[in-house]
Amino acid sequence: MAACEESQRVCTAFRNRGHEAYSCDIEPYSGGHPEWHIQDDVLNLINGNCIFQTSDGKVHTIIGKWDMIIAFPPCTYLTSAGARHYSLKCNSAQKVTERIKKREIAAKFFMTLAFADCERIAIENPVGYMNTQWRKPDQIIHPYYFGDNAKKRTCLWLKKLPKLKPTNMLPEPGPVYICQGSKCNGKKIGWCEGIRGVKGGQKERSKARSKTFPGIAEAMADQWGKCD
């Protein structure tokens, strides 16, 4: 199962190699395969022995545990990139308190995935809160290790899965800067790769940032799909 994945990139990579894989997210799928997507709260399904309906209306049954869970929990309140929002210099005491509560909910969700009843688990997230509040990740990778010309520190917490081996190491790319006119104040502002030109506001930009790079998805399917 590819948990918290509406893009279906990892699910599709495994399907292309003959595995019975499903994406699961509270959001509708954007990967073009309703027959592989479960639009539901993943916590209802992670421990296996479940009945679910895919977005094409068909009902499926999982007897026993999932063979593998690869999870991409939301990182809005966990990433170190948002650390400034917990400062009283940036927000009111009320907003900071509300954000701390949301961070604890996000951390609890992360840990529920980490301790699901499944033999093989991988959890992906950026560097952030869980690195110190739980434990350091087993591996930190970048898209350019796998043929995608982008630099984005990506943490992997692994249970009975090997570290991913780079497949197509590119030269380390430089940062991408986009200036936002008067907001620049004379300085360049770096935007996360993947949000340029995305319409639909913060929600759609967040979805664009969270999509797994193709090279990483392919490496997961190639390397972890062979695990016994």
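The numbering scheme is per chain: residues are counted from 1 as the chain's sequence reads. With the structure being a predicted model, the display of local features is reserved for residues of pLDDT at least 70 and the display and counting of side-chain atom pairs for 80 or more, all residues being used for whole-chain, interface and lining totals. Where side-chain values are given, they derive from all heavy atoms of the structure, hydrogens and water being excluded.

Visitor: Looking at this model, I keep getting lost on the sheet that holds strand E8 (residues 139-141). Mind explaining?
Guide: Each strand in a sheet pairs with its neighbour through backbone hydrogen bonds, running either in the same direction (parallel) or in the opposite one (antiparallel). Read from one edge to the other, the open sheet built from seven strands follows the order E3-E2-E1-E6-E7-E9-E8, with strand pairing classed as mixed. Whereas interior strands pair on both sides, the edge strands pair on one side only; in this sheet they are strand E3 (37-39) and E8. For two strands to be treated as a pair, DSSP must find at least two bridges joining them. The secondary structure listing takes helices from DSSP runs of H or I that are at least 4 residues long and strands from runs of E that are at least 2 residues long, numbered from the N terminus. Of the strand pairs in this sheet, strand E1 (residues 2-3) and strand E2 (residues 23-25) are connected by two bridges, and their pairing is parallel. In the strand pairing of E2, Ala3 is matched with Cys24. Residues are treated as being in contact if the distance between any of their heavy atoms lies within 4.5 Å. Each axis is a line fitted through C-alpha atoms, taken for helices only over the stretch in contact, and angles between the N-to-C directions span 0 to 180 degrees. Sheet strands in contact with helix H2 (residues 93-114) are strand E6 (69-71), strand E7 (121-125) and strand E9 (154-159), and its direction is about 155° off that of E7. Relative to the sheet, helix H5 (residues 214-224) contacts E6, E7, E8 and E9, its axis offset from that of E9 by approximately 20°.

Visitor: Looking at this model, I keep getting lost on the packing of aromatic side chains. Mind explaining?
Guide: Given two aromatic rings, their pairing is described by the distance between the two centres and the angle made by the two planes. Pairing of aromatic side chains requires ring centres within 6.5 Å, counting the rings of Phe and Tyr and the six-membered ring of Trp. Pairs whose planes differ by under 30 degrees are stacked, by over 60 edge-to-face, and all others tilted. Under the criterion given, the structure shown has eight aromatic pairs. Here the aromatic rings of Tyr22 and Trp66 are separated by 6.4 Å at their centres, their planes lie at 70°, and the arrangement is edge-to-face. Within this pair, whereas Tyr22 is found in the loop between helix H1 (9-15) and E2, its partner Trp66 is found in the loop between strand E5 (59-62) and E6, the two being separated by 44 residues in sequence. With respect to burial, Tyr22 and Trp66 carry one shared label: buried. Between the aromatic rings of Tyr145 and Phe146, the centroid separation amounts to 6.2 Å while the plane-to-plane angle is 45°, which identifies the pairing as tilted. The cut-offs for exposure are 20% and 50% of the maximum accessible area for each residue type, with area from a 1.4 Å probe on protein chains only; residues under the lower value are buried, those over the upper are exposed, and the others partly exposed. With a relative accessible area of 5%, Phe146 lands in the buried category. Aromatic rings pair up to connect Phe110, Phe115, Trp134 and Trp157 into one cluster. Only when the NZ of Lys or the CZ of Arg is both within 6 Å of the ring centre and within 35 degrees of the ring normal is a charge said to sit over the ring. For Arg15, the ring lying beneath its charged end belongs to Tyr22, and the centroid distance is 5.0 Å.

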